[in-house]
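# Tertiary structure, described
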Amino acid sequence: MAIGTIIIACCPGGLASNFFTYWTEGDVTLSVCMTTASTILGIGMMPWCIFLYTQSWVSMSTAVVPSYVDIIVALVVLLVPAAFGMLIQWKAPRAAERIALVLNILVNIGLAAFLVITAIAFTPIFKSSWRPYAVAFLYPLLAFIFGYCVAWIFKRTKQQRKTIAFETGVQNTALALSLINLLILQGKGGKGVSEMMIVPTIHGFAVLSEGFMILGLYWAYKKLILKEKGFASLKKNSQANLVANMEEEEKKTTVDSTCVSPSVASVKTVDEAVQTGP
């Protein structure tokens, strides 16, 4: 179980971070670049990190080596759709908006289906004790907070902070599970290899659950609080504009009164005296 936790922690960024960045209006370009960079670096860094952090289990650390094919597939799945999306956005912006709307619906349906299928297919895993749940749910949540705070310390923009937070908290769960499945198929790792799947499986469920929770809080914040702030600022601006217009009118009136000829002013004074009477 400990090795399973280390494997998921050493995996590069997952594709879900790109979706959550897009839905929370973050920096999608930065998100794709960070996911791509972590996946490329994972070719060399992931085996080294796994070996470094699993030295207490020497026999296992020599067996847990990621397949380069899986990493290349992850790169293709990430970069090819992104290239097509940029091409469509460049050539046909209106069509890109419609396609994005359809894909948003499909991705939401796919992620919801993934959660349901995971819960059904891995029912014995979800019957584990509370400790794997604590690790699987606290790890991405703390990673989200840590990534956002580090970006805030380095004075990144709000969009970049959200992006870095998601990239820090979302790992490639599919890659981790494929490594463990490979060990099971090859008969390596002994009897405890099946327990390595517990934390990565629950982690994939936890990341999506917490991601959708953050997404819901963000949209609620945007629609309620920011909307009220927008109305307040609009009201304040309108009042300021009204005061400015009144002051402008008073200035014009003062200028006009000073420009009136003395004869006209005396005539006005006489008329006022006649109207008021003795």
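For the structure, check the block above.
Just so we're clear, the structure is a prediction, and the values are computed from it rather than from any experiment.

Attention now goes to unusual backbone geometry. Despite not being glycine, Glu 25 shows a phi value in the positive range, around 60°. Within the element layout of this structure, Glu 25 appears in the loop between α2 (16–23) and α3 (28–53). In this model, Lys 155 sits at a positive phi of 60°, which is unusual for a non-glycine residue. Among the structural elements, Lys 155 can be located in the loop between α7 (130–153) and α8 (158–169).

So, on to the nonpolar core. Grouped together as the largest cluster of nonpolar side chains are 22 residues, with contacts concentrated most on Ile 7, Cys 10, Cys 11, Met 46, Met 196 and Ile 202. Taken together, the elements giving at least two residues each to this core come down to α1 (2–10), α3, α9 (173–186) and α10 (198–258). With six residues, the single largest contributor to this core is α9. Formed by 11 residues, the second largest nonpolar core is a distinct cluster that contains Val 107, Phe 166, Val 170 and Val 207.

What follows covers the packing of α1 against α3. For any two helices packed against each other, one specifies the inter-axial angle together with the distance between the axes. Between α1 and α3, the least distance of the axes is 10 Å, while the angle of their chain directions is 150°. Put simply, α1 runs roughly antiparallel to α3. Taken as a pair, α1 and α3 cross one another with a handedness that is right-handed. On α3, the residues that touch Ile 6, Ile 7 and Cys 10 of α1 are Met 46, Cys 49, Ile 50 and Tyr 53. Class assignment for the residues of the contact of α1 with α3 results in seven nonpolar, no polar and no charged.

This part is about the side chain of Thr 21. Here Thr 21 shows up in helix α2. Side-chain polar atoms of Thr 21 contact the backbone oxygen of Ser 17, separated by 2.6 Å. With sequence-adjacent residues up to four places away left out, Thr 21 is seen in contact with Gly 26, Asp 27, Val 28, Ser 31, Thr 163 and Phe 166.

Before going further, it helps to spend a moment on the packing of α2 against α8. Here α2 crosses α8 at 155°, and the two axes come no closer than 9 Å. Considered as vectors, α2 and α8 are oriented roughly antiparallel to each other. The hand of the α2/α8 crossing is right-handed. Facing α2, whose interface residues are Ser 17, Asn 18, Phe 20 and Thr 21, α8 presents Thr 163, Phe 166 and Glu 167. When the residues that make up the contact of α2 with α8 are grouped by side-chain class, the tally is two nonpolar, four polar and one charged.

Here is what the cut-offs are and how they apply
- Residues numbered from 1 in each chain as written.
- Predicted model: local features only at pLDDT ≥ 70, side-chain atom pairs only at ≥ 80, totals over all residues.
- Heavy atoms only, no water.
- Helix = DSSP H or I, 4+ residues; strand = E, 2+ residues; numbered from the N terminus.
- Core = buried A, V, L, I, M, F, W, Y, C linked by side-chain atoms within 4.5 Å.
- Buried < 20%, exposed > 50% of the residue type's maximum accessible area, 1.4 Å probe, protein only.
- Axes fitted to C-alpha atoms, helices over the stretch in contact; angles between N-to-C directions.
- Parallel < 35°, antiparallel > 145°, perpendicular 65-115°, else oblique.
- Left-handed = near helix turned anticlockwise from the far one by under 90°.
- Contact = heavy atoms within 4.5 Å.
- Nonpolar A, V, L, I, M, F, W, Y, C, P; charged D, E, K, R; others polar.
- Polar contact = N/O pair within 3.5 Å; in protein donor to acceptor, adjacent residues only side chain to side chain.

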